[in-house]
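# Summary of structural features
Spelled out, the chains give:
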Number of protein chains: 2
Amino acid sequence: MNGDLARLHALDSERMHLSRAAAALQWDQETCLPPLGVEDRAEQLAVVEGLAHEKLVNPEIGELLDRLGFKPDAAVNTGAVANAAGAATAGTGPDTAVNAAGVLAGSNLPALERDFVRVLDRDYRRAVQLPPDFVRECARTEGLAQAAWAETRKNSDFAAFVPHLERLIALARQKAGYWGWGGPAVSGGRPNSAYDGLLDFHEPGLGAERIAALFGPLRERLSALLAKIAAAPQPEDAFLHRRYDVRQQDAFCREVLAGLGFDSRRARLDRSAHPFTTTLGFNDVRITTRYQETDPLSGLFSVIHEGGHAFYELSLDPALRSSCLAEGVSMGIHESQSRLWENVIGRSRAFWRGWFPRFKTYFASPLEGVDVEQFYRAVNRVFPLPVRVEADEVSYSLHVILRFELEQRLFDGTLTVRELPEAWNAAMKKYLGLEPKDDAEGVLQDVHWSMGAFGYFPSYVLGNLYGLQFWEKLREAVPDTGAALEKRDYGAVHTWLREKIHCFGRRLSPGELLLRVTGKELSADPFVRYLEEKYADLYGI
Amino acid sequence: MNGDLARLHALDSERMHLSRAAAALQWDQETCLPPLGVEDRAEQLAVVEGLAHEKLVNPEIGELLDRLGFKPDAAVNTGAVANAAGAATAGTGPDTAVNAAGVLAGSNLPALERDFVRVLDRDYRRAVQLPPDFVRECARTEGLAQAAWAETRKNSDFAAFVPHLERLIALARQKAGYWGWGGPAVSGGRPNSAYDGLLDFHEPGLGAERIAALFGPLRERLSALLAKIAAAPQPEDAFLHRRYDVRQQDAFCREVLAGLGFDSRRARLDRSAHPFTTTLGFNDVRITTRYQETDPLSGLFSVIHEGGHAFYELSLDPALRSSCLAEGVSMGIHESQSRLWENVIGRSRAFWRGWFPRFKTYFASPLEGVDVEQFYRAVNRVFPLPVRVEADEVSYSLHVILRFELEQRLFDGTLTVRELPEAWNAAMKKYLGLEPKDDAEGVLQDVHWSMGAFGYFPSYVLGNLYGLQFWEKLREAVPDTGAALEKRDYGAVHTWLREKIHCFGRRLSPGELLLRVTGKELSADPFVRYLEEKYADLYGI
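Residues numbered from 1 in each chain as written. Chains lettered and ligands numbered in written order. Predicted model: local features only at pLDDT ≥ 70, side-chain atom pairs only at ≥ 80, totals over all residues.

### Details of the overall build of chain A
The following threshold applies: Strands are runs of DSSP state E lasting at least two residues, helices are runs of H or I lasting at least four, and both sets are numbered from the N terminus onward. The atom set for the radius of gyration is the C-alpha atoms, and the globule formula is 2.2 Å times the number of residues raised to the power 0.38. Exposed residues have 12 or fewer other C-beta atoms within 10 Å of their own C-beta, buried residues have 20 or more, and residues in between are partly exposed; the C-beta atoms are placed from the backbone.
Across its full length, chain A carries 21 helices and 5 strands. Relative to a compact globule of 541 residues, whose C-alpha radius of gyration would be 24 Å, chain A shows 23 Å and is just as compact. Over its C-alpha atoms, taken along the principal directions, chain A stretches across nearly 70 × 55 × 45 Å. Counting the 541 residues in chain A, one finds 50% classified as buried.

Okay, structure coming up:
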């Protein structure tokens, strides 16, 4: 290997190890940390994340990138450019250079190394734009805000969370500013707000305008479907509100995870206030869930959802190990995997024909007299609820669209943090006909904002869209999927997902990946088609 | 605060946060890490520990120490010097400068800051002597060796562990060499072997010669006591080998911990292959244990032992927070606390008069017909066993003396690693009359060597010696201790330990602390006196 390239890999893997160490500290904070330990942990995270940042902004990386002949495109917003350029060249084989953003002048590097250099260049440029003190300040603020969120949520005390959220929004706006967003619109009329910058961070290539153009019609179609369902008779689901021993729930979830192929030599399941997945190493992916005694599905579907994220991270090409390529490419693609496992597979009739007999062995008493078809109908009962993670498949996306619209307003200045609960409740009433009983089940329900993750929520719906586009192709390639799911045989699904999507890590941009796998641009049609067919059958509409 | 001093504190706390982050990664490795995650974790630890080292050897720290007027004593082996010098000045009040090693020329710093500067100077000098690559190599080797140890111990496959141990010993020797040990004897005839350097690291001021001078006679007196006990009738203890549900054991241990004052807002208990205590923050101390179904005492006494370590770390003066002073001063003093709680308190008649009724509520069936006096006698049954952590109080120190003698020989070159199992088994036969059934319960039983911790074992016996010297003073100061223990009232004991020992952290050297608290030099007499009295009563000898 070229000496410069070898040095670049050494520098990159060192900072990746440091980022993984920070991820381990965060995982610990959510799952294990004694309550009074939070202050020291915030300091530790600030130091470790600050150093990870320092390692990335090392000028030597810039010099090596220059010497390797990488000439970044002049555009400020690289995600959009990479996406557009990638679309033009997608379809070439995996061993050729599949990305053309930037120009590797006269480079003879193998395709994998060219992708490595391109992605590292993107990370490097994003990072050099953030001052080290700012990065430390973000880490410290987020550490304290997460602890405050957990506390204020417990007491439904939004007022106590306001200063944290205001500070986090100011920091997020500042961050987008450092990345060159929030100034006047660039030529060609593309939007360039701070919020666009945050969206681009999570989903390169998609701005608020394009997302709004997808989400607007989607909201209408979902509302129409929801109205039809509301007029139809509801399935019986009283048995889902009986007592389901939490220890038994945990045992069943572990059996399901193992059955799905979750490898406990490389991954683990724990509990936390809010379910999440984090990657601590190539062979160390951690998921969490929470259980509710009178709702056996809440914990289970969180487990399957996070399991879907974990399968992505655990199926990367080993050649990417310890490099900046060794991650899922975007939040949206990640959500496509988790939501595919959770909903398309996990809430299917075929899945439950496979698992219901096992489920009954854990919960014979609460499920007495219930058959698999009744259970399948109850699992998919459409009944709007105020908490996003407990929402049914049809109303779920409306929860997310609500958050997207509120984030837009928080960042364009038409909504203040203090006004947020009122705006939240108004939108909840309008889209879902619901009134949260307090802020704990309203505006304080999600951990995301306390982590400074603005522009993240749309990924959940984008994941639904990508996911169903992928699923249509998977069904063509693996025609007997339904029969396999009934037999709890997930091998062909894993293989297709690994070979078509997972193995690439960050080598392909989301748009490139989508085009490569489906030959199409992003669309809400397959997702809506899937919902309309499934719920027409379920509700006889 | 003086600007230089403030800067020194900032640099020190940054590296302390990094060390705590490394401790968190290590804790996770022992308690949570998926088995295949060990390789990446070793890399992460190498990076984080390497950076903590880099932060400590920052030349700016050296310059600040110089500017603050700290003139280190010329002697190479600072521990011994600090100890001797400290002994000369001990007895002055806590708010005056209680340490005189080195000279703070013309300094007007408050006593606490002088101690801070002196201890940081010691850490700095120790660290600058170790090259960064060497530190990383140690971390990497130890990470892999610990995983290998766990595996080879499972299979009792010492041969597979040999290359790891050889490499660890070579690195430890190299480390002592960097610190100036292992050369020709210094003037005054003090020993100066590599092993002396490792002992000094764990217990400043005590070399192999002085330890051997204490351990030799101790071994004789313990052997004599053991012989007398062997000739006396043994108490009944069959009920201790019945089945004790592990979940119930865990619940009882948590009740005992809470009763002893273990604060779950600042500390937690988990499980690992080998019990340990680690400090992740001023309000974040973690202990671990392991349970055996047919031995209810193994897990419990580990919990009390580690709890004793935790009480020390949780009782430091808050003024020391995030600084290099915020730790127990040495392994020996640390062990004095853990062994005091485990043995002197936890295996006392008064303790069990307090807890036995609670214990019986957890284990009514296996303890049917057993009264507290029978239980107390069974708890203290002297019966040599091959595993150190399961040993009774009388034979325990012989296990340690055996390890001390083997370490001496490994480092003076009269014993090779390959010969170790044979030498281990021969000494086990001679001192305890035992033959381990395999290397898993012999030479592979302890985690310490796999962590590169040579010269650590003697601390356990030194802890017994310090502990009983402290306990004699505590009994004078708190005369109704026995009655308080019977009432499960540990307040006065905690207060005395905190005020006399814990609060100082590293401000006083072990020798200074001992002299300050007891007015005496280190001695085995109180320990042997305690054992002889206790076991004369128990065995009627």
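### Here's the deal with helix α7 (residues 158-178) of chain B
Residue and element names in this part refer to chain B. Defined as follows: Each residue after the first adds 1.5 Å to the expected span of a helix. By definition, a residue's bend is the angle between the axes fitted to the seven residues ending there and the seven starting there. Each residue gets a C-beta atom placed from its backbone, and two residues are in contact if those atoms lie within 7 Å.
Across its 21 residues, α7 extends 29 Å between first and last C-alpha, which sits within 8% of the 30 Å expected from 1.5 Å per residue. The largest bend in α7 comes to about 25 degrees, at histidine 164. Residues of α7 that are buried: Phe158, Phe161, His164, Leu165, Leu168, Ala172, Arg173, Lys175 and Ala176. In this structure, the buried residues of α7 make contact with α6 (132-154), α8 (194-202), α15 (393-412) and α16 (420-432). Directly after α7, the chain includes glycine 180, whose backbone phi takes a positive value near 95 degrees.

### Quick word on the confidence of the model for chain A
Note the threshold: Per residue, pLDDT captures the predictor's confidence, and it can take any value from 0 to 100.
Of the residues in chain A, 91% reach a pLDDT of 70 or more, and the chain-wide mean stands at 91. Two summary scores accompany this predicted model of the complex, namely pTM at 0.87 and ipTM at 0.86.

### A word on the relation of the copies chain A and chain B
The cut-off we apply is this: Least-squares superposition aligns the copies on the C-alpha atoms of those residues with pLDDT at or above 70 in both.
The operation relating chain A to chain B is a screw motion whose rotation component is 180 degrees, with 0.0 Å of axial translation and a residual RMSD of 0.0 Å. The operation mapping one copy onto its partner corresponds to a two-fold rotation axis.

### Notes on the nonpolar core
Generally speaking, nonpolar side chains in soluble globular proteins are found buried as a group. Our working definition: In these notes, a nonpolar core means any group of buried Ala, Val, Leu, Ile, Met, Phe, Trp, Tyr and Cys residues linked to one another through C-beta atoms within 7 Å.
In this structure, Leu198(A), Val256(A), Val394(A) and Leu465(A) are the most contacted members of the largest nonpolar core, which totals 99 residues. In contact with Leu198(A), other than residues within four places in its own chain, are Ala172(A), Ala176(A), Phe454(A) and Gly455(A). One finds Trp179(B), Trp181(B), Leu225(B) and Leu260(B) within the second-largest nonpolar core, a separate group that totals 98 residues.

### Some words on the interface of chain A and chain B
The condition is simple: Under this grouping Gly is polar, as are all residues other than the nonpolar Ala, Val, Leu, Ile, Met, Phe, Trp, Tyr, Cys and Pro and the charged Asp, Glu, Lys and Arg.
Counting residues at the interface gives 31 residues for chain A and 31 residues for chain B. Elements that contribute at least two residues to the side of chain A that touches chain B include exactly α1 (3-31), α2 (38-56), β3 (267-271) and β4 (277-281) of chain A. For the side of chain A that touches chain B, the element with the most residues is α1(A), which contributes 8 residues. In the side of chain A that touches chain B, the residues fall into 15 nonpolar, 6 polar and 10 charged.

### What to know about the sheet that holds β3(A)
Residues and elements named next belong to chain A. Using the following cut-off: For two strands to be treated as a pair, DSSP must find at least two bridges joining them. As a rule, the C-alpha atoms of each element are fitted with a line to give its axis, helices using only the stretch in contact, and angles between N-to-C directions run from 0 to 180 degrees.
Taken in spatial order, the 3 strands line up as β3-β5-β4 in an open sheet, and their pairing is mixed. Strands at the two margins of the open sheet, each flanked by one partner only, are β3 and β4. Across the sheet, the mean angle separating the axes of adjacent strands is 25 degrees when strand polarity is ignored. As paired strands, β4 and strand β5 (residues 284-289) are joined by 4 bridges and run antiparallel to one another. Along β5, the bridge assignment pairs threonine 278 with arginine 286.

### Quick notes on the packing of helix α15 (residues 393-412) of chain A against helix α17 (residues 458-477) of chain A
Residues and elements named next belong to chain A. Let me state the cut-off plainly: Any angle between 65 and 115 degrees counts as roughly perpendicular, while under 35 counts as roughly parallel, over 145 as roughly antiparallel, and the rest as oblique. Note on convention: near helix rotated counterclockwise from far helix by under a right angle means a left-handed crossing. Clockwise means right-handed.
The geometry of α15 relative to α17 is characterised by a closest axis approach of 8 Å and an angle of 135 degrees between their N-to-C directions. Between α15 and α17, the angle is such that the two are oblique. Relative to α17, α15 is oriented so that their crossing is left-handed. Each of Ser397, Val400, Ile401 and Phe404 in α15 lies in contact with α17, whose residues at this interface are Pro458, Tyr460, Val461 and Asn464. Per-class residue counts for the contact of α15 with α17 are 6 nonpolar, 2 polar and no charged.

### Focus: the environment of Glu113(A)
Residue and element names in this part refer to chain A. Residue placement: glutamate 113 occurs in helix α5 (residues 111-128). Judged by local crowding, glutamate 113 falls into the partly exposed class, with 19 C-beta atoms found within 10 Å. Separated by 104 residues in the primary sequence, glutamate 113 and histidine 9 have C-alpha atoms spaced 9.7 Å apart.

### Notes on the sheet that holds strand β3 (residues 267-271) of chain B
All names here are of chain B. Read from one edge of the open sheet, 3 strands run β3-β5-β4, paired in mixed fashion. The open sheet has two edge strands with one neighbour each: β3 and β4 (277-281). Neighbour-to-neighbour, the strand axes of this sheet turn through a mean angle of 25 degrees, independent of strand direction. Here 5 bridges tie β3 to strand β5 (residues 284-289), and the two strands are oriented parallel to one another. By the bridge assignment for β5, arginine 268 is matched with arginine 286.

### A word on the pairing of β5(B)
When a strand is regular, its side chains alternate between the sheet's two faces. All names here are of chain B. β5 sits mainly inside the fold: 6 of its 6 residues count as buried. In β5, alternate side chains face the same way, and those of Asp284, Arg286 and Thr288 on one face and Val285, Ile287 and Thr289 on the other are all buried. What sits between the antiparallel neighbours β4 and β5 is a turn of 2 residues.

### A short note on the environment of Gln337(B)
Residues and elements named next belong to chain B. Here glutamine 337 lies in helix α12 (residues 331-345). In sequence terms glutamine 337 and valine 443 are 106 residues apart; their C-alpha atoms lie 26 Å from each other. What glutamine 337 contacts, discounting residues up to four positions off in sequence, is Gly308, His309, Phe311, Tyr312 and Leu497.

### Some points on helix α5 (residues 111-128) of chain B
Taking 1.5 Å of rise per residue, 18 residues should cover 26 Å, and α5(B) covers 26 Å from first to last C-alpha, within 8% of that figure. Those residues of α5(B) lying buried are Arg114(B), Asp115(B), Phe116(B), Val117(B), Arg118(B), Val119(B), Leu120(B), Asp121(B), Arg122(B), Tyr124(B) and Ala127(B).

### Focus on unusual backbone geometry
All names here are of chain A. The backbone of serine 322 sits at a positive phi, close to 65 degrees, despite the residue not being glycine. With respect to the helices and strands, serine 322 occurs in the loop between α11 (296-314) and α12 (331-345). Here serine 322 falls in the partly exposed class, since 18 other C-beta atoms lie within 10 Å of it. Not every positive phi belongs to a glycine, and arginine 488 is a case in point at roughly 55 degrees. Its place among the elements puts arginine 488 in the loop between α18 (481-486) and α19 (491-500).

### Quick notes on the packing of α12(B) against helix α17 (residues 458-477) of chain B
Residues and elements named next belong to chain B. Contact geometry of α12 with α17 gives a least axis separation of 7 Å together with a crossing angle of 70 degrees. Between α12 and α17, the crossing angle belongs to the class labelled roughly perpendicular. Every pair of crossing elements has a handedness; the one defined by α12 and α17 is right-handed. When α12 is examined against α17, the residues Met331, Gly332, Ile333, Glu335, Ser336, Ser338, Arg339, Leu340 and Val344 are found in contact with a partner set consisting of Ser459, Tyr460, Leu462, Gly463, Asn464, Tyr466, Gly467, Phe470 and Trp471. In terms of residue class, the contact of α12 with α17 is built from 9 nonpolar, 7 polar and 2 charged.

### Quick look at the environment of Val344(A)
Residue and element names in this part refer to chain A. As for its position among the elements, valine 344 is in helix α12. In the structure, valine 344 is positioned 178 residues away from leucine 522 in sequence and 18 Å away in space, judged by C-alpha atoms. The contacts of valine 344, once residues within four sequence positions are left out, are Gly467 and Trp471.

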